[in-house]
Amino acid sequence: MGAWARPHRLFCLLTAAVIVLFFISCDSEQVLVVSDPYIEAIHGGAWPLSESGFAFRAAFSGFNVDSVTPGAEEDLFVFLESLEKQIDAIVISPWQSLSASDAAAAVGNNNIRIITAGGAANLPISGSIVSVQPDRSVQMRRLGKLAGEWADRTGLPAVLLYNSSKETNRTEAQLLQNGYTDVDKTVPRMRIFDVAGEEQGTLPPDFITAASEASILLLFAGALNPLAMEATDEAAPPVITEYLYDSTAWSERIAASVEQDQKALKRAIMAELKKSSPDGTRYYPARVNKGHLYRMIRKNGLTLLSSQTYNSARR
């Protein structure tokens, strides 16, 4: 039985490969996934969109997907201009879009679709430029409620650090506040620090003092989050944040972290390749990972987020 199973399995794999090659050869749309060193460092390896599994599944929908990673100092569109093959669409990270604004118009004129995967594009939205980004609205309101319950129990206020420069950030900050006050109108008033007007790379005045007197920190200030974590290590209040779940340096302080749902992102990218979003933005649901402090919160009898929203990471 075992001897028969091996060639049978090989035959199935070869058959699948032939089918994929057939799909690729039939006038497939050429898609280039452009990763970058920073996002690969976050994932500890290849960006999931750059992995062969995504390209394999895309082939069955008529897309030929190649993946590249330009050098850290290499201009994205200078790199693309050096390519000899015709590209119909490129999928880039939000960080890549930061250097793409000057050349966006020219690329659009060449009928190349630009899809920013996993965050808001720093590009003018048009018919050829689409942002595929997580919808965190449900998670934000419920995380705000979790912070409110923590503040209500300890009698100390929560502290929010965020950046109001984008409308999405302002909306999410308001959802956090709404969830916070949903707990009880007598909950200690949240202290809010907006970094939009601050010098780049610096924390607002009095933030560290406020953090030392906080029940919990809500850190949603993008690149300033690690700096805020480091600056508050002495007082070490618990933290609800974003994209820091895998950080070993502060794992004991993180109660919850909003993270990318890579499976949902892949599905959204495929949907966008098949049919462009009419308003230039396609959303997919984010996920929340429970941190070490989740168990402590549970032990203290606080209401928890629903299991459907709180998709815990497997340890």
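Just so it is clear, the structure is predicted and the values come from calculations on it, not from any experiment.

Caption draft 1: How the structure looks around the overall build of the chain. For the chain, the count of helices and strands is 12 helices and 12 strands. Considering the chain as a whole, with its 315 residues, one finds that 46% of them fall into the buried category. Relative to all contacts within the chain whose residues are 6 or more apart in sequence, the contacts with residues 24 or more apart total 65%.

Caption draft 2: Broad picture of the nonpolar core. In this structure, Leu-160, Phe-220 and Ile-240 are the most contacted members of the largest nonpolar core, which totals 24 residues. Mapped by element, the contributors of at least two residues to this core are helix H7 (137-154), strand S6 (158-162), helix H8 (167-183), strand S8 (216-220) and strand S10 (254-259). If you tally residues by element for this core, the top one is H7, at 6 residues. Non-local contacts of Phe-220, meaning those with residues more than four positions away in its chain, are made with Arg-136, Met-140, Leu-160, Leu-161, Tyr-162, Asn-163, Leu-176, Asn-225, Ile-240, Thr-241, Glu-242 and Val-258. If you look at the next biggest cluster of nonpolar residues, it comprises 22 residues, including Ile-39, Val-65, Val-132 and Met-270.

Caption draft 3: Structural detail: H8. The terminal C-alpha atoms of H8 lie 25 Å apart, and with 17 residues this matches the ideal 24 Å at 1.5 Å per residue to within 8%. When we look at burial in H8, the residues that qualify are Glu-172, Ala-173, Leu-175, Leu-176, Gly-179 and Tyr-180. Along the long axis of H8, the arc covered by the buried residues comes to 155°, so they all point the same way. Buried residues along H8 sit against H7, S6 and S8.

Caption draft 4: Geometry of the environment of Phe-60. Examined against the element boundaries, Phe-60 turns out to sit in the loop between helix H3 (52-59) and strand S2 (63-68). Owing to a relative accessible area of 37%, Phe-60 belongs among the partly exposed residues under this scheme. C-alpha separation for the pair Phe-60 and Ser-28, spaced 32 residues apart in sequence, amounts to 9.9 Å.

Caption draft 5: Structural detail: the packing of aromatic side chains. Per the stated rule, a full pass over the model turns up 2 aromatic pairs. Plain terms: the ring middles of Phe-56 and Phe-60 are 5.4 Å apart, the flat faces sit at 70° to each other, and that makes the pair edge-to-face. For Phe-56, a relative accessible area of 39% puts it in the partly exposed group. Considering the side-chain rings of Phe-193 and Phe-207, the 5.7 Å spacing of their centres and the 85° angle between planes classify their relative orientation as edge-to-face. You can see Phe-193 sitting in strand S7 (residues 191-194) and its partner Phe-207 sitting in helix H9 (residues 207-212), a full 14 residues away along the chain. Summarising the burial analysis for this pair, Phe-193 and Phe-207 share the class buried.

Caption draft 6: How the structure looks around the sheet that holds strand S5 (residues 129-135). Read from one edge of the open sheet, 6 strands run S2-S1-S3-S4-S5-S11, paired in parallel fashion. Strands at the two margins of the open sheet, each flanked by one partner only, are S2 and strand S11 (281-285). Across the sheet, the mean angle separating the axes of adjacent strands is 20° when strand polarity is ignored. Examined bridge by bridge, S5 and S11 share 5 bridges and lie parallel to one another. In the strand pairing of S11, Pro-134 is matched with Tyr-284.

Caption draft 7: View of the pattern of salt bridges. Per the counting criterion, the structure on display carries 6 salt bridges. Glu-172 is paired through a salt bridge with Arg-136; the nearest N and O atoms lie 2.7 Å apart. You can see Glu-172 sitting in helix H8 and its partner Arg-136 sitting in the loop between S5 and H7, a full 36 residues away along the chain. The residue Arg-141 makes a salt bridge to Asp-182 at a minimum N-O spacing of 2.9 Å. With Arg-141 in helix H7 and Asp-182 in helix H8, this residue pair connects regions lying 41 residues apart in the sequence.

Caption draft 8: Quick peek at the sheet that holds strand S12 (residues 287-290). The 6 strands lie next to each other as S7-S6-S8-S9-S10-S12, forming an open sheet whose pairing is mixed. This sheet does not close on itself; its edge strands, each paired only once, are S7 and S12. Put simply, the sheet's adjacent strands are angled 15° from each other on average, direction ignored.

Caption draft 9: Spotlight on the packing of H7 against H8. Contact pair H7 / H8: the axes reach a minimum separation of 6 Å and the direction vectors enclose 40°. Between H7 and H8, the angle is such that the two are oblique. Crossing of H7 over H8 shows right-handed handedness. Across the interface between the two elements, Ser-137, Met-140, Arg-141, Leu-143, Gly-144, Lys-145, Ala-147, Gly-148, Glu-149, Ala-151 and Asp-152 of H7 pack against Glu-172, Leu-175, Leu-176, Asn-178, Gly-179, Tyr-180, Asp-182 and Val-183 of H8. When its residues are assigned to classes, the contact of H7 with H8 shows 8 nonpolar, 5 polar and 6 charged.

Cut-offs and rules
Residues numbered from 1 in each chain as written. Predicted model: local features only at pLDDT ≥ 70, side-chain atom pairs only at ≥ 80, totals over all residues. Heavy atoms only, no water. Helix = DSSP H or I, 4+ residues; strand = E, 2+ residues; numbered from the N terminus. Buried < 20%, exposed > 50% of the residue type's maximum accessible area, 1.4 Å probe, protein only. Contact = heavy atoms within 4.5 Å. Core = buried A, V, L, I, M, F, W, Y, C linked by side-chain atoms within 4.5 Å. Expected span 1.5 Å × (residues − 1). Arc of directions from axis to C-beta. Phe/Tyr/Trp six-rings, centres within 6.5 Å; stacked < 30°, edge-to-face > 60°. Pairing = 2+ DSSP bridges. Axes fitted to C-alpha atoms, helices over the stretch in contact; angles between N-to-C directions. Salt bridge = Lys/Arg side-chain N within 4 Å of Asp/Glu carboxyl O. Parallel < 35°, antiparallel > 145°, perpendicular 65-115°, else oblique. Left-handed = near helix turned anticlockwise from the far one by under 90°. Nonpolar A, V, L, I, M, F, W, Y, C, P; charged D, E, K, R; others polar.

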